[in-house]
Amino acid sequence: MRTVALILAAGRGERLGAGQPKGLIALAGRSLFEWSAAALGQAAGVDAVLPVLPAGCLAAAQALDRVWTGPARLLEAVEGGARRQDSVEHGLAAARGRLPELSWVLVHDAARCLVAPRDAEAALAAARATGAALPVVPPADTVKLLDGDRVRRTLERDQLGLALTPQAFRAEILAEALDKARRDGFTGTDCASLVERLGVEVRVFPGRPGNWKVTHAADLERAAAALAGGGRGA
Ligand code: C5P
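Notes on the structure in this doc start here. No experiment lies behind these values; they were computed from the predicted model shown.

With that settled, consider the overall build of the protein chain. Helix and strand counts for the protein chain come out as seven helices and 13 strands. Here the C-alpha atoms of the protein chain give a radius of gyration of 17 Å, agreeing with the 17 Å that 2.2 N^0.38 yields for 234 residues. The dimensions of the protein chain, computed from C-alpha atoms along their principal axes, are 55 × 40 × 30 Å. By the burial criterion, 50% of the 234 residues in the protein chain qualify as buried. Expressed as a percentage of contacts within the protein chain between residues at least 6 apart in sequence, the contacts between residues at least 24 apart total 75%. Entry remark: accessible area of the protein chain is about 11200 Å², with carbon and sulfur atoms responsible for 50%.

Quick look at the nonpolar core now. Grouped together as the largest cluster of nonpolar side chains are 33 residues, with contacts concentrated most on Val4, Leu50, Val105, Val107 and Leu174. Where this core is concerned, the elements lending two or more residues are strand S1 (2-8), strand S4 (48-53), helix H3 (84-98), strand S7 (102-109), strand S8 (132-137), helix H5 (171-184) and helix H6 (191-196). Apart from the residues within four sequence positions on either side, Leu50 is in contact with Val4, Ala5, Leu6, Ile7, Leu75, Glu76, Val78, Gly91, Ala94, Ala95 and Arg98.

With that settled, the discussion passes to the site of the ligand. Lining the immediate surroundings of the ligand are 15 residues, of which Leu8, Ala10, Lys22, Gly81 and Ser87 lie closest. In the environment of the ligand, an oxygen atom lies 2.9 Å from a nitrogen or oxygen atom belonging to the backbone of Gly11. The contact in question runs from a nitrogen atom of the ligand to an N or O atom on the backbone of Ala82, over 3.0 Å. Its free accessible area being 470 Å², the ligand has 84% of it covered by the protein chains. Among the residues forming the shell around the ligand, the class breakdown is six nonpolar, three polar and six charged.

Counted by the stated rule, this structure contains ten salt bridges. In this structure, the salt-bridge partner of Arg2 is Asp47, at a minimum N-O distance of 3.8 Å. Of this pair, Arg2 sits in strand S1 while Asp47 sits in the loop between helix H1 (32-40) and S4, and the two are 45 residues apart along the sequence. Arg2 sits in the partly exposed class, given a relative accessible area of 36%. The closest approach of N and O atoms between Asp119 and Arg208, which form a salt bridge, is 2.7 Å.

With that out of the way, let us pick up the pairing of strand S10 (residues 150-154). Along S10, only zero of the five residues are buried, which leaves the element largely exposed. Relative to S10, strand S9 (residues 144-147) runs antiparallel, the two being bridged by four bridges. The residue bridging Leu146 from the neighbouring strand is Val151, located in S10.

Our next topic: the packing of H3 against H5. One way to put it is that H3 packs onto H5 with a least axis distance of 11 Å and a crossing angle of 140 degrees. Between H3 and H5, the interaxial angle falls into the category oblique. Crossing angle aside, the handedness with which H3 passes H5 is left-handed. Across the interface between the two elements, Gln85, Val88, Glu89, Leu92 and Arg96 of H3 pack against Ala171, Glu172, Leu174, Ala175, Leu178, Asp179, Ala181 and Arg182 of H5.

In this description, an aromatic ring pair is defined by two values, namely the gap between the centres and the angle between the planes. Counted according to the given criterion, the structure contains zero aromatic pairs. One residue, Arg222, lies across the ring of Trp212, its end atom 3.8 Å from the ring centre.

To continue, consider the environment of Ala55. Mapped onto the elements, Ala55 comes out in the loop between S4 and helix H2 (60-67). Taking the C-alpha atoms as reference points, Ala55 and Gly80, 25 residues apart in sequence, are found 6.5 Å from one another.

What follows covers H3. Over its 15 residues, H3 runs 21 Å from end to end, which matches the ideal 21 Å to within 8%, given 1.5 Å per residue. All of the buried residues along H3 are Gln85, Asp86, Ser87, Val88, Gly91, Leu92, Ala94 and Ala95. As for H3, its buried residues are in contact with S1, S4, strand S6 (78-79), S7, H5 and H6.

Conventions and cut-offs
- Residues numbered from 1 in each chain as written.
- Predicted model: local features only at pLDDT ≥ 70, side-chain atom pairs only at ≥ 80, totals over all residues.
- Heavy atoms only, no water.
- Helix = DSSP H or I, 4+ residues; strand = E, 2+ residues; numbered from the N terminus.
- Rg over C-alpha atoms; globule rule 2.2 N^0.38 Å.
- Buried < 20%, exposed > 50% of the residue type's maximum accessible area, 1.4 Å probe, protein only.
- Contact = heavy atoms within 4.5 Å.
- Areas by Shrake-Rupley, 256 points an atom, 1.4 Å probe, with all protein chains shown as cover.
- Core = buried A, V, L, I, M, F, W, Y, C linked by side-chain atoms within 4.5 Å.
- Near = heavy atom within 4 Å.
- Polar contact = N/O pair within 3.5 Å; in protein donor to acceptor, adjacent residues only side chain to side chain.
- Nonpolar A, V, L, I, M, F, W, Y, C, P; charged D, E, K, R; others polar.
- Salt bridge = Lys/Arg side-chain N within 4 Å of Asp/Glu carboxyl O.
- Pairing = 2+ DSSP bridges.
- Axes fitted to C-alpha atoms, helices over the stretch in contact; angles between N-to-C directions.
- Parallel < 35°, antiparallel > 145°, perpendicular 65-115°, else oblique.
- Left-handed = near helix turned anticlockwise from the far one by under 90°.
- Phe/Tyr/Trp six-rings, centres within 6.5 Å; stacked < 30°, edge-to-face > 60°.
- Lys NZ or Arg CZ within 6 Å of the ring centre and 35° of its normal.
- Expected span 1.5 Å × (residues − 1).

And the structure:
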C-alpha cells in the first residue's frame, strides 16, 4: 500500500491578482506550495509528496528539494494543466508511474497553506470506509439558491458543508472519476464532485476552520501572520 499527496499549485490565481501563480507566492519565507508540501510530508501514512506546478515553473521545486526533511519522499514535480482536474490527472499519472503499488491519493490545494499533518491523517482515516472522503466546514452565512437576480429558495444550513482539502481517495476510484469526467465533458471544482458522479459514497468529516484557502489579496497578510506565528492551531 502506498499513499501520495498531490500538491496542486498550477492555477493562475487570477482572483488574487498578484501577477504570478498563487502557489508560488512566498509568505513568511516559503511559497504556498512549499508550506503545503512540508505539512503533508509530515503526515502519518503519507509515503510521497508530488507538487503539480504551473507550466514552465518546475525549477521552483528545486529550492524545496534542498530543504526537504520528509519523512515522506518528495517526488519530482510535474506540470499541471488548464483546469484543476487536468492538473490532478497529470499528478496522478506521474505518481502511478513512480509508485507502482499506489493505493491512496490525497489531493490538496497548495493555496491552503495552513494545512496541518493531522488534516491529511483525518482524511485518510475517513476515506477508509468507502474509498473517498473530504473535510467540510459549515457555511458562516445563510446560503441562497439563485435564479438570475431572484432568490429561488434558502438552503437548509445544517445540510450544507463547504468543501476543503486535502481530500482522500482510493487511487483507482480517482482515476475512474477523472476518466468519466473526461468522457462526459464534465468539469468540477474539486475531486469529490467527480467521484460523486461515479455513485461512490463520499464521506465527510469536520474540517479545521484554520485550514482556509488564500484566495483574495487581503488573505495574504492574514496567512503570512498565521504562518510566521506557527498558526496551524484552530
Ligand atoms: O482557483 P482555486 O483556488 O479554486 O484553485 C484551487 C487549487 O487548484 C490551487 O491551489 C490551484 O493552484 C490549483 N489549480 C491547479 N491547476 C489548475 C487550476 C487550479 O493546480 N489548472
